Each structure stands twice: as C-alpha cells, then as structure tokens.
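Report on the structure
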Amino acid sequence: MNEPLTVDLLVVGAGPAGLFATFCAGFRGLSVAVMDALPELGGQVGAMYPEKAILDIAGMPAVTGRDLVEGLTGQAMTARPHLLLGHTAQTLAYEDGTPVVTSDQGQTVRAAAVLVTGGIGAFTPRPLPGCTGYEGRGLSYFVTDLDDLTDRDVLVVGGGDSAFDWALAAVGRARSVTLAHRRDTFRAHRATVDKVLASEAQVCTRTQVAALHCGPDGRIESADLKGQDGIRRIKAQRVVAALGFTASLGPLESWGMNLDGRHIAVDSHMATSLPRVFAAGDITAYPGKVRLIAVGFGEAATAVNNAATVLDPASDLFPGHSTERHVSTTREGDS
Amino acid sequence: MTHVITDACVDEKDASCMEECPVDCIYEGGSRMYIHPGECIDCGLCAEVCPNGAAVALRLLDPAAAAVHGPANDAFFTRVLPGRQAPLGSPGGASRLGPLDVDPS
C-alpha cells in the first residue's frame, strides 16, 4: 500500500482538460495531484491522435496532438503536480466531508476537491489475442523506459502510430526489431511508416502472433509469427503490443454522481451532484454542451476556480489575470 | 450525429473498424456491420481504417444519402431482428453481444 496523499485538488484524467486544470490549480496556489489510467500524459489525444493536426485550438492555427500534449504538459508542470500515472480512480468515499479517492493500485488521495476530467473514460490497452498472462514477463502495452529495449530482440505488434513510434525508437537501440501487423495497410503517419520501412527493422504484414514462449526463468524468449507462409519462430525478449485502446467510465459509474448517458451531469459551476466533486471536458453534460477541446479548457478553468471558492469561501472566484501575476512576481523579485 | 456504416460494407465485412473502435460500438450482422448511434462517440477511427469507405460520419453525407444510410444503419438496433422478440436496443458493447447472422429485414 502506498503512502496516502493529501492535496487541495485531485484531477482524475490527464487529457487536455485535466492538464489545463492542473495549470489553473497551480496558478491559484493549490496543491494538485493528477491521476490517469494510462502510464503517460495526454489522454485520448496522446493515445489515439498523436500525429493528427488539430485546427480548432484557440490561437494555434494547426497543432499535432503530440505537440499539444507537450505544450499542455509544460504548462501543467508549473503546478508541480503529484503524478499518479497507471492508476485508475476506483472508489470515492468521504471522511469528515472530505473526498477520499482510492486507485486500483491502492493509492489513496485525500483531496479537498476532486475534478473529474475523464473524457470517454479510463483507457485500457487491447490485449494481444491468445497471449494473456505474459504481462511483466516481457509483454507490455507501453514503452515507458526505452533503455529497457537496449540489446534486446524486440517485437512490436500493431499498425498504428504507437506501434511505429516504438519500432522507430527501438531501432539502433535494440539488437533486432520486428514489427508484425495483421493487415497490409497501416494507420500510422506516413512519414513514420516510411522511416521504419527504410530502417533495419523487419516489417511483417498479414502476420499475427500465434504464441509466445518463455525460457527457464519464466520470461519471454521467442515468439511464433503466423503469416501467409506459415509459422516461423523469432527471438524476442520484449514484446510490445500496440493494438489500441478501449475506454469505459468503469468505476466512475459507481461513485453516485448524476449521470446523463455516459456523461456526468454538471451545473454552471461544473459541480456534479456530489459535494466537492467537479467535472470538466468531454465527460460533462448540460444543455447546450459542445464536445470540443476548446470547450474543455474553459470548463477546466471554471471548475478549478469554483472548486477554489469551496475550499476557501473567503477567496475570490476570479483567479486574477496571468499578465498581472507576471508583473507582480517580477516586482517581488526586484525588491 | 455519429458515424454510420453504409451498404458499401455488404459482403465485405473487413472488420478493421471493430478492431479500432475504442468504445466497442460496431456490431456485426449477417451481411454487414452496424454502428450503435447511442454508443458511438464520433471519434472517426473507423472511417480512417475502413478499406471500403463504408464507415462515414453521418454529418458529412449529403442530406439525401444521410436519409438512406442513417436509418438503414440504425435499424439493426431499433427494429426487431429475425428470430428475436424485441429490438436489440443498447447492448452496451459488441464483444458482449457477439456477431449475429441476421440483418434487419
């Protein structure tokens, strides 16, 4: 069991709305923790659209999902958040009126307010068919540490951006890189596909993983690839399955918030039906709701600042202009 | 307004869309796929991968085409399918329901 954490605001969901909310909380001087089921920041945008150009972010004529997440992350980090990645928010309880959220990893967060920016729900990687039980023995759904691929034979499975990004990252680091995809077309960004095809990586289309084999130490050492010419065995100590994600509201549905279909009903404060629990971004529902990132940013600011007045009723709803803040800190530094 | 599958899917059933859909809302019928209008989140990944151009955003179709393809897609859930007593409604996930070998008549 991890040490319980106490913060002013817990943000559940590290997509665009959650990252901007984190910045807003830091701007007001609130201590903040960010929890997300995925092991990386960026939510749906990072996981599903890293290479797509997004055209409807205010002030940015065109930005890729990856660049947007990078910018939002830099902004969010000014709040010095506690990051709880790979943690799915599981239960909500109240202790003396204060929300306490516990993750599926057993992390407890006591937060004066909770902000749910969960988008379409918690993301779960699609399992590699027929290969369950190999997680932690060489099979993973993410690469969180590229050094782990060094001098290994790496098998990447999938045809999307993540699969090609990881194959490319493994080239030059791994002993060998094989990318297996069950179709002969790829969804990944064309430029990345071309780079991988031009590299030493072996790309096998119309190929599926038929079986994984472990050595005496219980860790994967080879994989059987089934292609059009039958089955062949390749060396592989690391298998990265990048087959996309499924999303569901999951445990949030049992928190007792008023829901509207698969969305959380909120009022104009972005308050849910539960005390000290707010919501923002794609997950909210109210009359006239438009589900765009641009709207999520506004809701995040509304939610954080309204939450702040609940934490400290004497504080102003309006956080002040960031431009004023810059001037005042400069002056403090000067004096 | 969500995505729908058109009759360009008939007898193709490539099923790439089912592999991509993050909310498991693409259902397999006897001759083609159908997207659940209430479960779809309009992310567009199905349209990106369909080799037959059968998965489309309803809002991008011209009104005449939308008036044909929208109801034809939705009928899988709203009509009583052959051999059933009631419409499917909202099954809450294609993998939960599994493929059916019928289409709305």
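Residues numbered from 1 in each chain as written. Chains lettered and ligands numbered in written order. Predicted model: local features only at pLDDT ≥ 70, side-chain atom pairs only at ≥ 80, totals over all residues. Heavy atoms only, no water.

Rules: UniProt positions are given in the numbering used here, feature names are shortened, and annotations may be inferred rather than shown by experiment.
Chain B carries the name Ferredoxin in an unreviewed UniProt entry, which gives Streptomyces pacificus as its organism. Of the comments in the UniProt record for chain B, the one headed Function (unreviewed entry) reads "Ferredoxins are iron-sulfur proteins that transfer electrons in a wide variety of metabolic reactions."

For chain A, the name recorded in an unreviewed UniProt entry is Ferredoxin--NADP reductase, with Streptomyces pacificus as its organism. As stated in UniProt under Sequence similarities (unreviewed entry), the record for chain A gives "Belongs to the ferredoxin--NADP reductase type 2 family."

1. Section: the sheet that holds strand β14 (residues 208-214) of chain A
Residue and element names in this part refer to chain A. Definition in use: In this scheme, strands are said to pair when DSSP sees at least two bridges between them. Only runs of H or I of at least four residues qualify as helices and only runs of E of at least two qualify as strands under DSSP, and these elements are numbered from the N terminus. Note on geometry: axes are lines fitted to C-alpha atoms, helical ones only across the stretch in contact, with angles between N-to-C directions running from 0 to 180 degrees.
An order of β14-β15-β16 is seen for the three strands of this open sheet, with the pairing classed as antiparallel. The open sheet is flanked by β14 and β16 (230-235), the only strands paired with a single partner. Direction aside, the axes of adjacent strands within the sheet are offset by 25° on average. As paired strands, β14 and strand β15 (residues 220-227) are joined by six bridges and run antiparallel to one another. Within β15, the position partnered with C214 by the bridge is I220.

2. Topic: the UniProt feature "domain: FAD/NAD(P)-binding" (unreviewed entry) in chain A
In the UniProt entry, the feature "domain: FAD/NAD(P)-binding" (unreviewed entry) is given for residues 8-294 of chain A. In the segment residues 8-294 of chain A, helix accounts for 18% and strand for 34%; the C-alpha atoms at its two ends are 25 Å apart.

3. Some points on the UniProt feature "binding site: FAD" (unreviewed entry) in chain A
All names here are of chain A. For the record, the criterion: Residue burial is assigned from relative accessible area. The probe radius is 1.4 Å, only protein chains are included, and a residue is buried under 20% of its type maximum, exposed over 50%, and partly exposed in between. Should any heavy atoms of two residues lie within 4.5 Å, those residues are considered in contact.
According to UniProt, the "binding site: FAD" (unreviewed entry) feature falls on D36, Q44, Y49, A89, F123, D282 and T323. Look at the named residues: they lie 288 residues apart in sequence, and the longest C-alpha span between them is 36.5 Å, so in the fold they stay spread out. Given a relative accessible area of 17%, Q44 falls into the buried group. The residues contacting Q44, other than those within four sequence positions of it, are Y49, I120, F123 and D282.

4. Here we look at helix α1 (residues 16-27) of chain A
Residues and elements named next belong to chain A. Selection criterion: Helix span, expected: 1.5 Å multiplied by one less than the number of residues in the helix.
Compared with an ideal rise of 1.5 Å per residue, which puts twelve residues at 16 Å, α1 spans 17 Å between its outermost C-alpha atoms and is within 8% of the ideal. With eleven of twelve residues buried, α1 is to be regarded as a mostly interior element. Three or more residues of α1 are buried, namely P16, A17, G18, L19, F20, A21, T22, F23, C24, A25 and F27. G29 lies just past α1 and shows a positive phi near 80°.

5. Observations concerning the domain arrangement of chain A
Put simply, an interface is often sized by how much accessible area is lost when its parts join up. Residues and elements named next belong to chain A. To keep things clear, this is the line we draw: All domain edges in this entry derive from an automatic or database-based domain assignment. In what follows, salt bridge is the name for a side-chain nitrogen of Lys or Arg lying within 4 Å of a carboxyl oxygen of Asp or Glu. Polarity classes work like this: nonpolar for Ala, Val, Leu, Ile, Met, Phe, Trp, Tyr, Cys and Pro, charged for Asp, Glu, Lys and Arg, and polar for all others, with Gly in that last group.
In terms of domains, chain A is made up of domain 1 (5-124 + 246-334) and domain 2 (128-243). Between the C-alpha centres of domain 1 and domain 2 there is a distance of 34 Å. In this structure, the connection of domain 1 to domain 2 is made through one salt bridge. Across the pair D165 and R66 runs a salt bridge whose closest N-O atoms are separated by 2.7 Å. A per-class count over the side of domain 1 that touches domain 2 returns five nonpolar, no polar and three charged.

6. Points about the environment of V101 of chain A
All names here are of chain A. Inspection of the secondary structure puts V101 in strand β7 (residues 98-103). On the accessibility criterion, V101 (0% relative accessible area) is buried. With 96 residues separating them along the chain, V101 and L5 place their C-alpha atoms 9.9 Å apart.

7. A word on the pattern of salt bridges
Summed over the entire model, instances satisfying the criterion amount to 18 salt bridges over all chains. A salt bridge links R183 of chain A to D14 of chain B, with the nearest nitrogen and oxygen atoms 3.1 Å apart. Here R183 of chain A, found in the loop between β12 (176-180) and α5 (190-198), pairs with D14 of chain B, found in the loop between β1 (3-5) and α1 (16-20), and the two come from separate chains. For R183 of chain A, a relative accessible area of 16% puts it in the buried group. Across the pair R187 of chain A and E20 of chain B runs a salt bridge whose closest N-O atoms are separated by 3.1 Å. Placement of the pair is R187 of chain A in the loop between β12 and α5 and E20 of chain B in helix α1, with the two residues belonging to separate chains.

8. Brief notes about unusual backbone geometry
In this structure, R80 of chain A takes a positive phi of about 45° despite not being glycine. Residue classification places R80 of chain A among the exposed positions, given a relative accessible area of 74%.

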